[in-house]
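# Breakdown of the fold
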Amino acid sequence: QVQLVESGGGLVQPGDSLRLSCAASGRIFSVVDMGWYRQAPGKERELVATITSGGSTNHADSVKGRFTISRDSAKNTVYLQMNSLNPEDTAVYYCNTVPPNGMGSHWGQGTQVTVSS
């Protein structure tokens, strides 16, 4: 079973940046696609960025040009660099496989990102 632990969230002002990290307990990035998801209050969880096992990336239209997903396979860590944050980005952010819960993984507790002036 693969454990995924998110970190790096916080309270920031509009226009600020944050970098989220997701540490995996096993070396899975070469065999599965990984993604960052988010869930805002009262809304369904959505996929915002994906990095494939081959290293290709894709970002949702709502974050394209502002967010960047990357990984460090040596550290078993996936990152989400978030720039030009706005209040609509406020959500709990999770990492997971794409589709979710592959390779014995499961949803973690996520990391809260709050964008407010």
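Residues numbered from 1 in each chain as written. Predicted model: local features only at pLDDT ≥ 70, side-chain atom pairs only at ≥ 80, totals over all residues. Heavy atoms only, no water.

## Some words on the sheet that holds strand β2 (residues 10–12)
Overall, mixed pairing links the 6 strands, which are arranged β2-β10-β9-β4-β5-β6 in an open sheet. Unpaired on one side and paired on the other, β2 and β6 (57–59) mark the two borders of the sheet. Sheet twist, expressed as the mean angle between neighbouring strand axes with direction ignored, is 25°. Here 5 bridges tie strand β4 (residues 33–39) to strand β5 (residues 46–51), and the two strands are oriented antiparallel to one another. (Pairing = 2+ DSSP bridges. Helix = DSSP H or I, 4+ residues; strand = E, 2+ residues; numbered from the N terminus. Axes fitted to C-alpha atoms, helices over the stretch in contact; angles between N-to-C directions.)

## Structural notes on the side chain of Ser21
For Ser21, the position within the fold is in strand β3 (residues 18–24). The contacts of Ser21, once residues within four sequence positions are left out, are Val5, Glu6, Ser7, Trp36, Thr77, Val78 and Tyr79. (Contact = heavy atoms within 4.5 Å.)

## Section: unusual backbone geometry
Here Val98 and Pro99 are connected by a cis peptide whose omega angle stands at -5°. As for its position among the elements, Pro99 is in the loop between β9 (91–98) and β10 (111–115). Residues other than glycine seldom take positive phi values, yet Asn76 does so here, at roughly 50°. For Asn76, the location among the structural elements is in the loop between β7 (67–72) and β8 (77–82). Owing to a relative accessible area of 14%, Asn76 belongs among the buried residues under this scheme. Phi is positive for Met103, close to 55°, though the residue is something other than glycine. Inspection of the secondary structure assignment puts Met103 in the loop between β9 and β10. (Buried < 20%, exposed > 50% of the residue type's maximum accessible area, 1.4 Å probe, protein only.)

## Concerning the pattern of salt bridges
All chains considered together, the criterion is met by 4 salt bridges. With a closest N to O distance of 3.0 Å, Asp89 and Arg38 form a salt bridge. Linking Asp89 in the loop between β8 and β9 with Arg38 in strand β4, this pair joins segments that are 51 residues apart in sequence. Across this residue pair, the class does not change: Asp89 and Arg38 are buried. Linking Asp61 and Lys64 is a salt bridge whose minimum nitrogen-to-oxygen distance equals 3.3 Å. A residue is classified by how much of its surface remains accessible, and Asp61, at 67% relative accessible area, is exposed. The class for Lys64 is partly exposed, based on a relative accessible area of 49%. (Salt bridge = Lys/Arg side-chain N within 4 Å of Asp/Glu carboxyl O.)

Keep in mind these values describe shape, not function.
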